[in-house]
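These are the residues of each chain, in order.
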Amino acid sequence: MNEFFLRFLDFLSEFDNTVLFAASIIPYAVFLNYLFKIKSINKVIKVGFSLTVLFVFITIVISVYSQTYFNRTLVEVDLLHGSAEFFLTLSDCVILVGF
């Protein structure tokens, strides 16, 4: 069992998850679609979940900027990483206020 687990972790470390991340927008879009159809849910909550898409967009833009101008990934440039994560915190706070 331990050997299997280690081989599985090794497989995951080499797995390119770019396609998985790109495809994850589809179920989230379906979630947002059904969320906006439910009239009993507060509009603030709906805006908060929609802001998560803004977070993803901002993160992509800042990540490209980081790679282009600093030749480093986003997690290696603390100021840019914190700026991107701010939008996730913002969307979470809006969802919390909606409840």
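Within each chain, residue numbers correspond to sequence positions counted from 1 in written order. Where totals are concerned, whole chains, interfaces and linings use all residues; where local detail is concerned, this predicted model gives features only for residues with pLDDT of at least 70, and gives and counts side-chain atom pairs only at 80 or more. Hydrogen atoms and water are omitted, and side-chain values are computed over all heavy atoms in the structure.

Student: Please explain the overall build of the protein as it appears in this structure.
Tutor: Runs of H or I in DSSP of at least four residues are treated as helices and runs of E of at least two as strands, each being numbered from the N terminus. On a plain count of helices and strands, the protein comes out with five helices and zero strands. With the C-alpha coordinates of the protein rotated into their principal frame, the extents come out at 50 × 40 × 20 Å. By residue count, 19% of the 99 residues in the protein fall in the buried class. Sequence separation of at least 24 residues holds for 45% of the intrachain contacts in the protein that already meet a minimum separation of 6. Of the roughly 7700 Å² of accessible surface on the protein, 71% is carried by carbon and sulfur atoms. Charged-residue counts in this description rest on Lys and Arg as positive and Asp and Glu as negative, His and the chain ends being excluded. By convention, the point assigned to a charge is CZ for Arg, NZ for Lys, CD for Glu and CG for Asp. Between the centroid of the 6 positive side chains of the protein and the centroid of its 8 negative side chains there is a distance of 22 Å. Burial classes: relative accessible area under 20% of the type maximum marks a residue as buried, over 50% as exposed, and values in between as partly exposed (1.4 Å probe, protein chains only). Contacts are residue-level and defined by heavy atoms, with any inter-residue pair within 4.5 Å sufficient. Per-residue accessibility takes into account occlusion by the displayed protein chains alone, with areas from the Shrake-Rupley method and a 1.4 Å probe.

Student: Before we go on, may I ask you to explain the confidence of the model for the protein in this structure?
Tutor: Low pLDDT means the predicted coordinates in that region are not meant to be read closely. On average, residues of the protein score 89 in pLDDT, and 99% of them are at 70 or above. Every residue is assigned a pLDDT by the predictor, reflecting its confidence on a scale from 0 to 100. Here helix 2 (residues 18–23) stands out as the least confident element of the protein, with mean pLDDT 79; helix 3 (residues 25–37) is the most confident, with 93.

Student: I tried to follow the pattern of salt bridges on my own but got confused; where do I start?
Tutor: Pairing between side chains of opposite charge can happen when their charged atoms approach one another. When a carboxyl oxygen of Asp or Glu is within 4 Å of a side-chain nitrogen of Lys or Arg, the pair counts as a salt bridge. Per the stated rule, a full pass over the model turns up one salt bridge. One salt bridge connects arginine 7 with glutamate 3, and the closest N-O pair in it is separated by 3.9 Å. Here the residue arginine 7 and the residue glutamate 3 both occupy positions in helix 1 (residues 2–14), the gap between them amounting to four residues, near one helical turn. By relative accessible area, arginine 7 is classed as exposed at 52%.

Student: Help me out: how do you make sense of the packing of aromatic side chains in this one?
Tutor: For any pair of aromatic rings, the description rests on two quantities: the centre-to-centre distance and the angle between the ring planes. Pairing of aromatic rings covers Phe, Tyr and the six-membered ring of Trp, with a centre-to-centre limit of 6.5 Å; geometry is then stacked below 30 degrees between planes, edge-to-face above 60, and tilted otherwise. Throughout the structure, instances matching the rule amount to six aromatic pairs. Centroid distance tyrosine 65 to tyrosine 69: 4.7 Å. Interplanar angle 45°. Geometry classified as tilted. In this pair, tyrosine 65 and tyrosine 69 both sit in helix 4 (residues 43–70), four residues apart, roughly one turn of the helix. Owing to a relative accessible area of 39%, tyrosine 65 belongs among the partly exposed residues under this scheme. Measuring from centroid to centroid gives 6.0 Å for tyrosine 65 and phenylalanine 70, while their planes differ by 80°, and the two rings are edge-to-face. Taking relative accessible area as the criterion, phenylalanine 70 reaches 42% and is therefore assigned partly exposed.

Student: I tried to follow the packing of helix 4 against helix 5 (residues 78–98) on my own but got confused; where do I start?
Tutor: Packed helix pairs are specified by the crossing angle of their axes together with the interaxial distance, meaning the distance between the axes. Angles here are taken between N-to-C directions and fall from 0 to 180 degrees, while the axes themselves are lines fitted to C-alpha atoms, restricted in helices to the stretch in contact. Interaxial distance between helix 4 and helix 5 falls to 8 Å at its minimum, and their mutual angle equals 180°. In terms of their interaxial angle, helix 4 and helix 5 are classed as roughly antiparallel. Grouping the amino acids of the contact of helix 4 with helix 5 by side-chain chemistry returns 19 nonpolar, seven polar and one charged. By definition in this entry, angles of less than 35 degrees are roughly parallel, angles greater than 145 are roughly antiparallel, angles of 65 to 115 are roughly perpendicular, and the rest are oblique. Residue polarity is assigned by list, with Asp, Glu, Lys and Arg as charged and Ala, Val, Leu, Ile, Met, Phe, Trp, Tyr, Cys and Pro as nonpolar; anything else, Gly included, falls into the polar class.

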